[in-house]
Amino acid sequence: MIQLKKKRPKLRKTMSGLIMLTLFSSLVLPGSAGATPPQSSQVELANVSVQAGQTVHVPVVMKATELPIKAYNMQVDYDTTSLEIVRITPRTINAITSFPELNTPSDFQYVINNEEGWVRIIWMDLSEVEHWIDTGDQMFDIEFKAKSTATPGQKQLIVNQDDSEHFHFENVDYGTDAQLSGGTITITAASSGGNSSSPSTGSSGGGGAAPSAAPSVPTTSSAPVATKGVDIYVNGQKQEQSATASTSTIDNKVTTTIQVDNNKVINQVGNGLRTLLLPVTGTGTNSVVGELNGRLVKTMEGSNAQVVIQTDTGTYTLPASQIKIDQVVKKLGASAPLEDVKFQIAITPSNDTKKAAIAAAASKMDNTTVIAAPVDFEVKAVYQGQQVDVNRFNSYVERTITLPKDTDGSKITTGVVLQADGTMLHVPTKVIKGTTNDSAVINSLTNSTYALIYHPATFTDISNHWSRTDVEDLASRLVVEGAGDNTFAPDRSITRAEFTAVLLRGLGLHSPESAVTTTFTDVKSDSWYENEVQTAISYGLISGYTDNSFRPNDEISRAEAMTIVARAMKLVDLAKADASETANLLGGYIDGSKVQAWAAEPVASAIKQGLVQGADGKLMADADISRAQTAAIVKRLLAKAGLI
């Protein structure tokens, strides 16, 4: 049986979290005897600018490292007369942050002291699957607020690199030297016409065809109450008066619309346009729309740039390539000038009907509480009375829902998407703790209505089972289900249909990406798994057998399961093993040569990403996979991809 890798010994927290942080330098793991130390790792704090009274994100990035990093600690000091820290957010690390005073260890911990002006961060890879930090990885993000009383000028973030309690890194083999650069925050004077938020950094990510064009629905709209010039941000730099904000009533919702000065932003492309941020906070409105024209979207697509809408309700990070403008414009009419096509990206609290539907769905589920009101994320293109909704993407797109103040993020087990039939289904979600508000980061391949729920779950037969943590986590996310009588049957084999269903639920894939023409002779139209099979076909996850059968009720082997998982790796942007890696990875196991040729690359890819480790030096690729092993592998896949 393939077993989980044994857990590394975790720190016993008999001391305060603060002492744990300052003593990190003593936690040095021995390197290989006689080995040559690697070159110094290069760490960078971004140089940013911010207007007084606003917030700004400072990414901390591993710019170069010869060997992957498995642990670090860092203290950053700052000027309290001008700056204060709002929150710390882990990025590459797939762990929920926790404050050190908690009683359970966490991979990523921090202490913020805004009175004295320092933050201390510690990270160690305590996971069962290696989550090391490599060249190009963003380690974490510090969100600063420039005080409204701050004096304009440059403020330097200071790190004492000569003190191992303040700056220390461990790679996979050695204690390593590291060098730090950057960390300058330029504060500019407050502007009476600007917004009350500032730049943040985002991520990047093409998909199913856009829906057919349909006549736009007339809305009940009042004349704008106010229109004024506002500031937006390009690559973190403020662009004064580069957009206008107007407030109006649309569909009985007070809506703020930010219309970008498209030409001004397009002129930034030559400078390497990466991120266009539209911050709209403190307006008191309950709906925010960012509006760009087609020419700007097309230009951003060519630059691999993204647009970020930032509101009090949440944040929407949308790579321009995901809009697939050529397909959308074709739906609107091939002759539609790009300058006249308006793309509207909206974040809107859901209406009362959707709120009631979410509440009704939760009431039908055991031990389920709705933690945050549902939010709609929408993208549409409008031209001469026609509208195309952009609802599907072919890479995961990130949305963040900001939790109400004093709402505990640990009381959220997952985000859910509201289906047309009134049910709720899992979407990959991770919670980020903040000093003021926690937030939930949701990644999905579609646009829809999302809510956050608390649904703790356990089973009587896993209390002492090695898979308990993984099973409970996925059960609380509505990904795995019990076997009856509050049991899970962790060691029971799983069928091909069941494995496919669990993987799809984990990935948040609940309906076919497009019309499916492939059918299997043994998948009946009235079977419980028909939709799952059709969905898996549409995303290229399954192909069936040469006799045009799927054999849904057959038990699935490890090799077959890894083949499906390897195909899913493309969706979540995880690298597969190439030919040379395949031979080396399989060669590390006693029975590696017995893996059939069709499964060699998928099995090696799963090994490469740490999704399987084997047991007693064996892979046993032809053996059946169990329900517990399925839960562990799916959770590892989602965690490795940064989706949970």
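As the structure is a prediction and not an experimental result, all values here were calculated from the model.

Peer 1: Quick rundown of the overall build of the protein? Include the residues and the values.
Peer 2: Broken down by element type, the protein carries 12 helices and 30 strands. Among the 644 residues that make up the protein, the fraction classed as buried is 55%. On the protein, roughly 27000 Å² of surface is accessible, and the fraction owed to carbon and sulfur atoms is 48%.

Peer 1: Summarise the sheet that holds strand 13 (residues 184-188); cite the residues concerned and give the values.
Peer 2: The 3 strands lie next to each other as 2-13-9, forming an open sheet whose pairing is mixed. The open sheet has two edge strands, strand 2 (48-51) and strand 9 (153-156), and neither has a second partner. Ignoring strand direction, the axes of neighbouring strands in this sheet form an average angle of 30 degrees. Summarising the sheet, strand 2 and strand 13 pair through 4 bridges and their orientation is parallel. Residue pairing in the sheet places valine 50 in a bridge with isoleucine 187 of strand 13.

Peer 1: Tell me about the nonpolar core, and name the residues and values.
Peer 2: Membership of the largest hydrophobic core comes to 63 residues, with the highest contact counts inside it found for Phe499, Leu507, Leu509, Leu541, Ile542 and Leu637. Breaking this core down by element, the ones donating at least two residues are helix 6 (468-476), helix 7 (496-507), helix 8 (530-538), helix 9 (558-571), helix 11 (597-608) and helix 12 (627-640). Sort the elements by how many residues they give to this core and helix 9 lands first, with 9 residues. Counting residues in hydrophobic clusters, the runner-up holds 54 residues, among them Val297, Phe343, Ile347 and Ala381.

Peer 1: So what's going on with the environment of proline 349? Residues and values would help.
Peer 2: Mapped onto the elements of the fold, proline 349 is located in strand 22 (residues 342-349). Sequence-wise, proline 349 and lysine 253 are 96 residues apart; in three dimensions their C-alpha atoms are separated by 9.5 Å. Setting aside its immediate chain neighbours within four residues, proline 349 contacts Lys253, Asn286, Ser287, Thr313, Pro374 and Val375.

Peer 1: Explain helix 4 (residues 325-332) residue by residue, including any values.
Peer 2: One turn of an α-helix holds 3.6 residues; hence residues three or four places apart share an orientation. Among all positions of helix 4, only Ile325, Val328, Val329 and Leu332 are buried. Seen along its axis, helix 4 keeps its buried residues to an arc of 95 degrees; they face one direction. Facing away from the buried surface of helix 4 by more than 90 degrees, the exposed residues are Asp326 and Lys330. A positive backbone phi angle near 130 degrees is found at glycine 333, which sits one or two residues after helix 4.

Peer 1: Which residues make up the confidence of the model for the protein, and what are the values?
Peer 2: Summarising the model, the protein shows a mean pLDDT of 82, and 82% of its residues fall at 70 or more. Ignoring residues within four places in sequence, the model shows residues 94-105, a span with pLDDT below 50, making 38 contacts including any to other chains. Ignoring residues within four places in sequence, the model shows residues 192-225, a span with pLDDT below 50, making 110 contacts including any to other chains.

Peer 1: How would you sum up the side chain of histidine 465? Please name residues and give values.
Peer 2: As for its placement among the helices and strands, histidine 465 is situated in the loop between strand 30 (449-454) and helix 6. Of note is the side chain of histidine 465, whose polar atom sits 2.9 Å from the side chain of aspartate 491. Once residues lying within four places of it in the same chain are set aside, the contact partners of histidine 465 are Pro490, Asp491 and Ala628.

Peer 1: Kindly report on the pairing of strand 25 (residues 392-402), identifying the contributing residues and their values.
Peer 2: Pairing of strand 21 (residues 314-319) with strand 25 involves 4 bridges; the strand directions are antiparallel. The partner of tyrosine 316 across the bridge, within strand 25, is arginine 399. Where strand 25 lies against strand 29 (residues 439-446), 7 bridges are found, and the strand directions are antiparallel. Across the sheet, residue valine 397 finds its bridge partner in strand 29, namely serine 444.

Peer 1: Tell me about the packing of aromatic side chains, and please be specific about residues and values.
Peer 2: The full count for this structure, using the stated rule, is 10 aromatic pairs. Ring geometry for tyrosine 78 versus phenylalanine 144: centroids 5.4 Å apart, planes at 80 degrees, classification edge-to-face. Here phenylalanine 144 lies in strand 8 (residues 138-146) and tyrosine 78 lies in the loop between strand 4 (69-77) and strand 5 (83-90), a separation of 66 residues in the sequence. Judged by its relative accessible area of 6%, tyrosine 78 falls in the buried class. Both rings, one in phenylalanine 167 and one in phenylalanine 169, keep their centres 5.2 Å apart while their planes meet at 65 degrees; by these two values the pair is edge-to-face. Across the pair, exposure class does not vary: phenylalanine 167 and phenylalanine 169 are buried alike. Grouping aromatic residues by their ring pairs yields a cluster made of Tyr72, Trp123, Phe140, Phe167 and Phe169. Lying across the ring of tyrosine 545, arginine 551 places its NZ or CZ 3.6 Å from the centre.

Peer 1: An account of unusual backbone geometry is requested, with residue identities and associated values reported.
Peer 2: Residues other than glycine seldom take positive phi values, yet arginine 551 does so here, at roughly 55 degrees. Along the chain, arginine 551 turns up in the loop between helix 8 and helix 9. Non-glycine residue methionine 620 carries a positive phi angle of around 50 degrees. Look at methionine 620 and you get partly exposed, because its relative accessible area is 25%.

Peer 1: Mind laying out helix 7, listing which residues take part and the relevant values?
Peer 2: Taking 1.5 Å per residue as the helical rise, helix 7 with its 12 residues ought to reach 16 Å, and the 17 Å between its terminal C-alpha atoms agrees with that figure. Most of helix 7 sits out of view: 11 of its 12 residues are buried. Inspection of helix 7 places Arg496, Ala497, Phe499, Thr500, Ala501, Val502, Leu503, Leu504, Arg505, Gly506 and Leu507 among the buried residues, and these make up the whole buried set. Where helix 7 is buried, its residues touch strand 25, strand 27 (424-427), helix 8, helix 9 and helix 12. Looking one or two residues beyond helix 7, the residue adopting positive phi is glycine 508, at roughly 75 degrees.

Peer 1: Just give me the short version of the sheet that holds strand 3 (residues 55-64), but keep the residues and values in it.
Peer 2: Spatially, the 5 strands line up as an open sheet ordered 5-8-3-1-12, and their pairing is mixed. A strand with exactly one partner marks an edge of an open sheet, and here the two such strands are strand 5 and strand 12 (178-182). Strand-to-strand twist of the sheet, defined as the mean angle between neighbouring strand axes without regard to direction, takes the value 20 degrees. For strand 5 and strand 8, the ladder comprises 7 bridges, and the chain directions are antiparallel. Bridging across to strand 8, threonine 89 finds its partner in aspartate 141.

Rules of the game
Residues numbered from 1 in each chain as written. Predicted model: local features only at pLDDT ≥ 70, side-chain atom pairs only at ≥ 80, totals over all residues. Heavy atoms only, no water. Helix = DSSP H or I, 4+ residues; strand = E, 2+ residues; numbered from the N terminus. Buried < 20%, exposed > 50% of the residue type's maximum accessible area, 1.4 Å probe, protein only. Areas by Shrake-Rupley, 256 points an atom, 1.4 Å probe, with all protein chains shown as cover. Pairing = 2+ DSSP bridges. Axes fitted to C-alpha atoms, helices over the stretch in contact; angles between N-to-C directions. Core = buried A, V, L, I, M, F, W, Y, C linked by side-chain atoms within 4.5 Å. Contact = heavy atoms within 4.5 Å. Arc of directions from axis to C-beta. pLDDT = per-residue confidence, 0-100. Polar contact = N/O pair within 3.5 Å; in protein donor to acceptor, adjacent residues only side chain to side chain. Phe/Tyr/Trp six-rings, centres within 6.5 Å; stacked < 30°, edge-to-face > 60°. Lys NZ or Arg CZ within 6 Å of the ring centre and 35° of its normal. Expected span 1.5 Å × (residues − 1).

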